[in-house]
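Descriptive structure summary
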Amino acid sequence: MNFSNGYDPDKAPPYRIVMREPAVKRFALAHDLALPAAAALLLAHMAQRAGAANDLHRGVLQRSSVDAAALDALAVQVFPA
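Quick notes on the overall build of the protein chain
If you tally the helices and strands in the protein chain, you get five helices and zero strands. Traced from its N-terminal end to its C-terminal end, the protein chain shows the element sequence α-α-α-α-α. Contacts spanning at least 24 positions in sequence make up 60% of the contacts within the protein chain whose residues lie at least 6 apart. Counting only carbon and sulfur atoms, one obtains 52% of the accessible surface of the protein chain, whose full area is about 4,900 Å².

Some points on the packing of helix α2 (residues 22-30) against helix α3 (residues 35-49)
Where α2 contacts α3, the axes come no closer than 9 Å and their chain directions differ by 110 degrees. Taken together, α2 and α3 sit at an angle that is classed as roughly perpendicular. Relative to α3, α2 is oriented so that their crossing is right-handed. Each of V24, K25, F27 and A28 in α2 lies in contact with α3, whose residues at this interface are L35, A38, A39 and L42.

A look at the packing of α3 against helix α4 (residues 55-62)
At a minimum axis separation of 9 Å, α3 and α4 run at an interaxial angle of 120 degrees. With respect to α4, the element α3 is oriented oblique. Of the two elements, α3 crosses α4, and the hand of that crossing is left-handed. In this structure, α3 uses A40, L41, L43, A44, H45, A47 and Q48 to contact α4, whose residues at the interface are H57, V60 and L61.

Cut-offs and rules
- Residues numbered from 1 in each chain as written.
- Predicted model: local features only at pLDDT ≥ 70, side-chain atom pairs only at ≥ 80, totals over all residues.
- Heavy atoms only, no water.
- Helix = DSSP H or I, 4+ residues; strand = E, 2+ residues; numbered from the N terminus.
- Contact = heavy atoms within 4.5 Å.
- Areas by Shrake-Rupley, 256 points an atom, 1.4 Å probe, with all protein chains shown as cover.
- Axes fitted to C-alpha atoms, helices over the stretch in contact; angles between N-to-C directions.
- Parallel < 35°, antiparallel > 145°, perpendicular 65-115°, else oblique.
- Left-handed = near helix turned anticlockwise from the far one by under 90°.

So this is what it looks like as structure tokens:
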């Protein structure tokens, strides 16, 4: 997946919309995360991959033990190219 294909964190869907995605729900359960945390983690990961992460995004990613490969796989499911 090309993360620089126009992903703009300022125009990203709110995490409440992302939380409704079945893939995010499965990801949250698999990684023992609260649903809002999983959605915020995905959006922060996408912002970082696009080179648009701010301090908030970096803080979310630093507090997480989820590896980037798992987030890449989730991103492909939620944001198909």
